[in-house]
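Secondary and tertiary structure notes
This is what each chain is made of:
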Amino acid sequence: MAVCLPRRYGRASLPVVKPTPYDNVPAWGEHLESAQYPDLTGDVRADVCVVGLGGSGLSCIHELLRLGHHVIGIDAGTVGGGAAGRNGGFLLAGTVEFYHDTVAELGRDRARRIYQLTLDEMDRISSETPDAVWRNGSLRLADSEAEERDCQLQLAAMRNDGLSVESYEGPDGRGLLFPEDGSFNPLARCRTLARRAVELGATLHEQSRAISLSNGEVRTRDGRVLCKHVIVAVDGHLELLLPVLAGRVRTARLQMLGTGPAPEVDIPRPVYSRWGYDYWQQLPDGRVVIGGCRDRFIDDEWTTDTTPTTEVQQCIERVLRETVGVTQPVRHRWAAAVSYSSGIMPVMDQVRPGVWAIGGYSGTGNVIGALYGRMVAQIAVTGTSELLPALAPGV
Ligand SMILES: Cc1cc2nc3c(=O)[nH]c(=O)nc-3n(C[C@H](O)[C@H](O)[C@H](O)COP(=O)(O)OP(=O)(O)OC[C@H]3O[C@@H](n4cnc5c(N)ncnc54)[C@H](O)[C@@H]3O)c2cc1C
């Protein structure tokens, strides 16, 4: 997973637009049919309009439906067409930082509560979409002696707080094993959640970009949603839609590639290595997906462009060949946008009266994004949420 990338705010870089030979199709999409929801035309009414149909927006929509609200969801592209359907598929507990670093930053009590909430959310994700989820644990592999020492600090902090973790030593190296983590097909989950939301009464529109937002109204090119509440659940490109958040989140590109079935390796659980900068997993059908290397091209990757680049792709492929040991040809190369927040926790804010926004998961939004989606739904329509004290006590 794209864990632990430094939330460093370098110089702004202009999008690099260059021709690419890459398909930019995620490995997750190969065997899945797109659902196809109509674009928004004319005026429609709802209690709540949710902007963004990724994992966070869909989790938000389901919570709003549970609370009895009429919801319209819109997306500039397709369901799961952003990072939510194009990511590494890791389901990891905790925050973007390792547990002992989270304790140092937020205190033991809050770090422990957040860890438990993310474990509970993983249970929820598994029970909602069992066919798309594999609870096979995860592995943090140390890439240096310094990282091995850091693993020991993490092990001690987690054991101290009664959390599941084991020391790991295997043919691939040394590190830590987290038995309760897992992985999933993120695009399959998004599509399942979207289909169910429609069955439960929500209306969804694809190819419907929000171009203006205000209290009570969301405008797209061809239509308007008139509503009591607006919730923006957009991770990458959030500051483009809401410039008021520009100092708090910043868009970056993350890149991956995928191979065909690779019988030459046996990777029983998702792995992240080199402080989380490189991450890979083998899917049940034997294919391998791998991402990373962003830190080696940090200035180039602070961009809103979502085209894979030769330099990063070559870097990832070197890790695939030299560290992971895969010899199969690469089938897919893809990229997507996420946003990094300026603090350890994501952003949830009422950016103007009646308009809430969430995002800034710093490369780790699969689990915590689902939690933020539920939290923002609760707070927007009821004024409070049981999740606030742990996740966003200042709101
Ligand atoms: C390559 C890669 C690997 C990653 N690996 C992992 C991982 O292994 N584990 C993990 O936890 N996280 C990972 N992440 C991060 C994770 O994918 C994201 O944090 C998470 O998916 C964000 O989901 P979301 O629903 O909040 O936002 P998004 O997926 O960004 O969805 C937002 C949606 O909003 C739409 N949208 C944007 N602007 C507008 C607009 N103006 N109007 C209407 N719609 C709009 C977009 O089209 C998009 O569909 C990875 C990300 C990438 C790119």
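Residues numbered from 1 in each chain as written. Predicted model: local features only at pLDDT ≥ 70, side-chain atom pairs only at ≥ 80, totals over all residues. Heavy atoms only, no water.

Some details on the overall build of the protein
Within the protein, the secondary structure is distributed over ten helices and 19 strands. Against the 2.2 N^0.38 benchmark of 21 Å for 395 residues, the protein shows a C-alpha radius of gyration of 20 Å, consistent with a compact globule. If you line up the protein on its principal axes, its C-alpha atoms span 60 × 50 × 40 Å. Counting only residues that meet the buried cut, the protein has 59% of its 395 residues in that class. Within the protein, residue pairs in contact and separated by at least 24 positions form 75% of the contacts whose partners lie at least 6 positions apart. Carbon and sulfur atoms make up 49% of the accessible area of the protein, which amounts to about 15,600 Å² in all. Distance between charge centres in the protein, computed from 40 positive and 48 negative side chains, equals 4 Å. (Helix = DSSP H or I, 4+ residues; strand = E, 2+ residues; numbered from the N terminus. Rg over C-alpha atoms; globule rule 2.2 N^0.38 Å. Buried < 20%, exposed > 50% of the residue type's maximum accessible area, 1.4 Å probe, protein only. Contact = heavy atoms within 4.5 Å. Areas by Shrake-Rupley, 256 points an atom, 1.4 Å probe, with all protein chains shown as cover. Lys, Arg positive; Asp, Glu negative; His and termini not counted. Charge placed at Lys NZ, Arg CZ, Asp CG, Glu CD.)

What to know about helix α9 (residues 365–382)
Along its 18 residues, α9 runs 24 Å from first to last C-alpha, staying within 8% of the 26 Å computed at 1.5 Å per residue. Buried residues dominate α9, accounting for 14 of its 18 residues. Directly beyond the C-terminal end of α9, a positive phi value near 90 degrees is found at Gly383. (Expected span 1.5 Å × (residues − 1).)

A look at the packing of helix α1 (residues 55–66) against helix α5 (residues 186–199)
Their axes nearest at 10 Å, the elements α1 and α5 cross at an angle of 30 degrees. Considered as vectors, α1 and α5 are oriented roughly parallel to each other. As for how α1 packs across α5, the hand of that crossing is left-handed. When α1 is examined against α5, the residues Gly55, Leu58, Ile61, His62 and Leu65 are found in contact with a partner set consisting of Cys190, Leu193, Ala194, Arg196 and Ala197. Each residue belonging to the contact of α1 with α5 can be placed in one class, and the counts come to seven nonpolar, two polar and one charged. (Axes fitted to C-alpha atoms, helices over the stretch in contact; angles between N-to-C directions. Parallel < 35°, antiparallel > 145°, perpendicular 65-115°, else oblique. Left-handed = near helix turned anticlockwise from the far one by under 90°. Nonpolar A, V, L, I, M, F, W, Y, C, P; charged D, E, K, R; others polar.)

Side note on the layout of surface pockets
Unfilled space is identified by rolling a water-sized probe across the atoms. Space inside the second largest pocket adds up to approximately 270 Å³. Lining the second largest pocket are 17 residues, with Leu141, Asp172, Ile267, Val271 and Trp280 positioned closest to its centre. Elements supplying a minimum of two residues to the lining of the second largest pocket: β5 (138–141), β14 (271–273) and α8 (310–324). Its residues assigned to classes, the lining of the second largest pocket shows eleven nonpolar, two polar and four charged. (1 Å grid on protein atoms, 1.4 Å probe; cavity = no way out; pocket = protein on both sides within 12 Å on 5 of 7 lines; lining within 4 Å. Points joined across faces, edges and corners; volume = space filled by probe spheres on them.)

Focus on the packing of aromatic side chains
To describe a pair of aromatic rings, you give the distance between the ring centres and the angle between the ring planes. Scanning the model with the defined rule gives six aromatic pairs in all. Seen from their ring centres, Phe90 and Tyr279 are 6.0 Å apart, and the 85 degrees between their planes marks the pair as edge-to-face. Of this pair, Phe90 sits in strand β3 (residues 90–91) while Tyr279 sits in strand β15 (residues 278–282); the two residues are 189 residues apart in sequence, bridging distant segments of the chain. We classify Phe90 as buried; its relative accessible area is 3%. Aromatic side chains Tyr361 and Tyr372 sit 6.1 Å apart centroid to centroid with 75 degrees between the ring planes, which places their arrangement in the edge-to-face category. Taken together, the positions of Tyr361 in the loop between β19 (355–359) and α9 and Tyr372 in helix α9 put the pair eleven residues apart, joining distant regions of the chain. Each member of the pair Tyr361 and Tyr372 is classed as buried. (Phe/Tyr/Trp six-rings, centres within 6.5 Å; stacked < 30°, edge-to-face > 60°.)

As for the environment of Tyr372
Tyr372 sits in the buried class, given a relative accessible area of 0%. Discounting residues that sit within four places of it in the chain, Tyr372 has contacts with Met345, Pro346, Val347, Met348, Ile358, Tyr361 and Leu391.

A closer look at the state of the cysteines
Enumeration according to the criterion identifies one disulfide in this entry. The closest cysteine sulfur to the non-disulfide-bonded Cys60 is located on Cys49, 10 Å from its own sulfur. For Cys60, a relative accessible area of 0% gives the class buried. Summary of cysteine pairing: Cys190 is not part of a disulfide, and the nearest cysteine sulfur, belonging to Cys60, is at 14 Å. (Disulfide = S-S within 2.5 Å.)

Points about the sheet that holds strand β4 (residues 133–134)
Neighbouring strands of a sheet are bound in pairs by backbone hydrogen bonds; such pairs are parallel or else antiparallel. The strand order across the open sheet built from three strands is β3-β8-β4, with neighbouring strands paired in antiparallel fashion. Only two strands of the sheet have a single neighbouring strand rather than two, namely β3 and β4. Relative to strand β8 (residues 182–184), β4 is paired through two bridges, and the arrangement is antiparallel. Along β8, the bridge assignment pairs Val133 with Phe184. (Pairing = 2+ DSSP bridges.)

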